[in-house]
Amino acid sequence: MATALALRSLYRARHSLRCLPVELPWAPRRGHRLSPADDELYQRTRISLLQREAAQAMYIDSYNSRGFMINGNRVLGPCALLPHSVVQWNVGSHQDITEESFSLFWLLEPRIEIVVVGTGDRTERLQSQVLQAVRQRGIAVEVQDTPNACATFNFLCHEGRVTGAALIPPPGGTSLTSLGQAAQ
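Since we're looking at a predicted model, the values are computed, not measured. (Residues numbered from 1 in each chain as written. Predicted model: local features only at pLDDT ≥ 70, side-chain atom pairs only at ≥ 80, totals over all residues. Heavy atoms only, no water.)

> Which residues make up the sheet that holds strand β6 (residues 114-119), and what values go with them?
Sheet architecture is open: five strands sit in the order β5-β4-β8-β6-β7, paired in mixed fashion. In this open sheet, the two strands that pair with only one neighbour each are β5 (85-88) and β7 (140-144). The average undirected angle you get between the axes of adjacent strands in this sheet is 15°. Strand direction decides the pairing type here: strand β4 (residues 79-82) and β5, joined by four bridges, are antiparallel. (Pairing = 2+ DSSP bridges. Helix = DSSP H or I, 4+ residues; strand = E, 2+ residues; numbered from the N terminus. Axes fitted to C-alpha atoms, helices over the stretch in contact; angles between N-to-C directions.)

This is the structure we're talking about:
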């Protein structure tokens, strides 16, 4: 009962609690532009460009059961993506992946930080001696299903990481169509 009485008195007194409008000696108009004199923290910004970004980064536009669309170029079958090139990867399934098939990634300069492996429509285990051989050479390995491997590769490239990918197309009905292809 006491709380109801207190709330009722606050509700009735709300009109008297409102603040009166304050008159400003100068009010900014809608068309007023800020100048350096308006901002006491105004400082000039200077940018030094140390290194230009690569003109063409590798991005996977789409994939289907036959292959991949990479930077607008169609690649049929399994492929290995390197920082500035795409090559055919001579494997049929995750069971064909050997230490020799990964040798391409540790022969490159600058050294690849991480290799994203897409094993088809499911994440499959690779042979432990293959993973150990790649990791001993200082390269991290991320094994995923191909749809997630494509997304991970694009994300890492966008971050500017030195990334490689070894991708096996997913079989059957799995596909990703890019926005450019959907419009055509």
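> Describe the pattern of salt bridges, and please don't skip the residues or the numbers.
Where charged atoms of side chains with opposite charge meet at close range, the side chains can pair. Tallied over the entire structure, the rule returns four salt bridges. Note that R137 and E99 form a salt bridge whose closest N and O atoms lie 3.7 Å from each other. One end of the pair, R137, is in the loop between α3 (128-136) and β7; the other, E99, is in helix α2 (residues 99-106), with 38 residues separating them in the sequence. For E99, a relative accessible area of 37% puts it in the partly exposed group. Its salt-bridge partner being E113, residue R161 comes within 2.6 Å of it at the nearest N-O pair. With R161 in the loop between α4 (146-158) and β8 (163-168) and E113 in the loop between α2 and β6, this residue pair connects regions lying 48 residues apart in the sequence. Connected via shared salt-bridge partners are E113, E159 and R161. (Salt bridge = Lys/Arg side-chain N within 4 Å of Asp/Glu carboxyl O. Buried < 20%, exposed > 50% of the residue type's maximum accessible area, 1.4 Å probe, protein only.)

> Outline the packing of α2 against α3, listing residues and values.
One way to put it is that α2 packs onto α3 with a least axis distance of 10 Å and a crossing angle of 15°. Judged on the interaxial angle alone, α3 and α2 are roughly parallel. Judged by the sense of rotation from one axis to the other, the crossing of α2 with α3 is right-handed. Along its contact with α2, which presents E99, F102 and W106, the element α3 presents V130, A133 and V134. Across the contact of α2 with α3, the residue classes break down as five nonpolar, no polar and one charged. (Parallel < 35°, antiparallel > 145°, perpendicular 65-115°, else oblique. Left-handed = near helix turned anticlockwise from the far one by under 90°. Contact = heavy atoms within 4.5 Å. Nonpolar A, V, L, I, M, F, W, Y, C, P; charged D, E, K, R; others polar.)

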